[in-house]
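Residue-level structural notes
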Amino acid sequence: MSACTIIGLGEAGAIYATALVVAGHTVTGYDPVAPTTPTGVIRAGTAAEACAAADVVLVLTGAGAARAVAAECLPVMQEDTCYADLTSSSPQTMEELGRTPTRALFADVAILGPVPVHGARTPLMVSGPGAPMLAELLGGIGAPVEVVDGAPGAAMAHKLLRSVVMKGMASVVVEAVTAARAAGLEDWIRAQIAGQLAGDGQAVIDRWLTGTPKHAARRAHEMRSTAQYLTDLGAPAEMTEASATAMERMAAPTSDQRIEANAS
């Protein structure tokens, strides 16, 4: 069993802390504001105190605290221990933190799903020198962990590219359903969305990659009209406006095309 530390005892931190306690690990936690401590977790007075004797440290704070937490914790950690940053910091920040002088092994961890929904079994992607050690620990509590090649920052780069789709698609669906509800067509638009998400996903991707630039000018005009309709319904239209802007960019001639046109 390992001596584990959780920095950040909010919703996600408490979930991982509880799962590690249930698995038989000794768990120390630190959080300057969380009002409660999960059952079985030893509450430390400072982050450095919580990390000094840890085999594995899991940082589950907001991304804005990542640098400060690392600056306090990494210098006190022992050789061949693991410091795992599970914040949503940028790949550049993860790279920077991974270069911090320390005896610990740094791991950049990307959480690939909602922890409140999936709990400690939420899929993870990990990179950096501490990745194998973390994968063994969290795999033992049921988390699917994919170790990817590369230095710290590689896992987060994968996650942020995924976020373009997952968060962007979620925002589009919210906008479409909100507008359809205002128009009295919510059931119909839900069926349309479900139909697009079913079937051969790779074929849909190829169709979008080919068709969107090819028909960008016409579709941009359609999306401007759609945005106006949503506004008339009193519904938000940020994603629709953004789609129109993106298609107008795709439809604009490139510099090479302009030079060729002028030459002819």
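On a predicted model such as this, the values are computed, not experimentally measured, just so you know. (Residues numbered from 1 in each chain as written. Predicted model: local features only at pLDDT ≥ 70, side-chain atom pairs only at ≥ 80, totals over all residues. Heavy atoms only, no water.)

**Description of the sheet that holds strand S2 (residues 26-30)**
Read from one edge to the other, the open sheet built from eight strands follows the order S3-S2-S1-S4-S5-S6-S7-S8, with strand pairing classed as mixed. At either end of the open sheet lies a strand with only one pairing partner, and these are strand S3 (42-43) and strand S8 (145-147). The pairing of strand S7 (residues 124-127) with S8 spans three bridges and is classified as parallel. Bridged to Met 125 within S8 is Glu 146. On the sheet, helix H4 (residues 91-98) packs against strand S5 (82-85) and strand S6 (105-111) and is oriented at approximately 160° with respect to S6. Relative to strand S4 (residues 56-59), helix H6 (residues 131-139) is tilted by about 85°, and along the sheet it contacts strand S1 (3-7), S4, S5, S6, S7 and S8. (Pairing = 2+ DSSP bridges. Helix = DSSP H or I, 4+ residues; strand = E, 2+ residues; numbered from the N terminus. Contact = heavy atoms within 4.5 Å. Axes fitted to C-alpha atoms, helices over the stretch in contact; angles between N-to-C directions.)

**Quick look at H4**
Turning to H4, its buried residues number three or more, namely Pro 91, Thr 93, Met 94 and Leu 97. Along H4, the residues classed as buried sweep out an arc of 160° about the axis, all on the same side. Looking at the packing, one finds that the buried side of H4 touches helix H3 (66-73), S5, S6 and helix H7 (154-183). (Buried < 20%, exposed > 50% of the residue type's maximum accessible area, 1.4 Å probe, protein only. Arc of directions from axis to C-beta.)

**Some points on H6**
In an α-helix, one full turn covers 3.6 residues, which means residues spaced three or four apart are oriented alike. Turning to H6, its buried residues are Ala 131, Leu 134, Ala 135, Leu 137 and Leu 138. Down the axis of H6, the buried set is contained in an arc of 165°. They therefore lie on one face. Away from its buried face, by an angle of more than 90 degrees, H6 presents the exposed residues Pro 132 and Glu 136.

The analysis is restricted to geometry; functional conclusions fall outside its scope.
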